[in-house]
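Residue-level structure breakdown
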Amino acid sequence: VAMIRWRLISCLTAIAVQTILAIPHVGASDIDQLSAFIEHGMELWHVPGMSVAVVSQDEVLYQEGFGYTAIDDGRPVDAHTLFAIASTTKAMVTAGLLMLVDEEKFSLDDPIIKYVPELHFSEPSLTPQLTVRDLLAHRTGLPSTDLFYLQQMPLDQQLTRLRTVPAEAGVRTRLIYQNTMFEIAGLLIERLTDLRWHQFLTDRLWHPIGMLETYGNRGEIRADQSFVKP
């Protein structure tokens, strides 16, 4: 429920941001309206804290933190507070893979076993069929295997367990949200570049566009940095 509330207020904030950007000249009164809108939404949906930035092309028009990192004993949220971005990472991993497609390192329609040959499924015919594009489009036909992730199971063990997971649908017949496939997509980046997916994105995406406080590994967060625990 908390995640749904956070996503909803985030969506409403995005709408408000688009409205602000549509104004030819953004002034102090517009910023005040946006801040008031965010604070009102947080109150309505019991969101303890959030950070908002408005970026137009290469210019940061607005950045502000609201509330606290936790309901009890939380620190004030500011523009540098770190938040877990969860499945937003999927878009970034996909962007990284598309960079490698542009460099002709691989094709989205290559079978994934070309790069991850240890990957096998309970339905033998599925193994050679699945392409990288299928993984990114959630159309493998496999059900959710989030339990693997929640158990903090290493990816090599997850790959072994996938051999026992029966498909719920035929490949490319249904959209079934599948997180493990994106872990495999991250492994593909590593196989193609010899860098962990988050190291590759740091070097090729995050730092080049100025995202200097973005991390793919919580262990990289400094002790002096404020962050919101998921």
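All figures in this text were calculated on a predicted structure; none of them were measured in a lab. (Residues numbered from 1 in each chain as written. Predicted model: local features only at pLDDT ≥ 70, side-chain atom pairs only at ≥ 80, totals over all residues. Heavy atoms only, no water.)

This part is about the overall build of the protein. Scanning the protein from terminus to terminus reveals nine helices and four strands. Buried positions account for 37% of the 230 residues belonging to the protein. Look at the contacts in the protein between residues 6 or more apart in sequence, and 59% of them connect residues 24 or more apart. In the form shown here, the protein has an accessible surface area of approximately 13,700 Å², with 55% of it arising from carbon and sulfur atoms. (Helix = DSSP H or I, 4+ residues; strand = E, 2+ residues; numbered from the N terminus. Buried < 20%, exposed > 50% of the residue type's maximum accessible area, 1.4 Å probe, protein only. Contact = heavy atoms within 4.5 Å. Areas by Shrake-Rupley, 256 points an atom, 1.4 Å probe, with all protein chains shown as cover.)

With respect to the secondary-structure elements, E118 resides in the loop between helix 3 (88-102) and helix 4 (126-129). Setting aside chain neighbours within four positions, we find E118 in contact with L159, R163, L187 and R191.

Our focus in this paragraph is the nonpolar core. Core analysis: the biggest nonpolar cluster contains 37 residues, and F106, I112, L162 and I184 have the highest contact counts within it. Listed by contribution, the elements that provide at least two residues to this core are helix 3, helix 5 (132-136), helix 8 (179-193) and helix 9 (197-206). Take this core: its biggest share by element is eight residues, from helix 8. Setting aside residues no more than four positions away along its own chain, I112 makes contact with L119, L130, T131, V132, L135, I184 and L188. (Core = buried A, V, L, I, M, F, W, Y, C linked by side-chain atoms within 4.5 Å.)

Tallying each qualifying case throughout the model produces nine salt bridges. Taking the shortest distance from any N to any O, the salt bridge between R222 and D224 comes out at 3.0 Å. We classify D224 as exposed; its relative accessible area is 53%. Taken together, the salt bridges that share partners define one network made up of E103, K105 and R204. (Salt bridge = Lys/Arg side-chain N within 4 Å of Asp/Glu carboxyl O.)

The pairing of strand 1 (residues 49-56) with strand 2 (residues 59-67) spans eight bridges and is antiparallel. Bridging from a neighbouring strand, S51 pairs with G65 of strand 2. (Pairing = 2+ DSSP bridges.)

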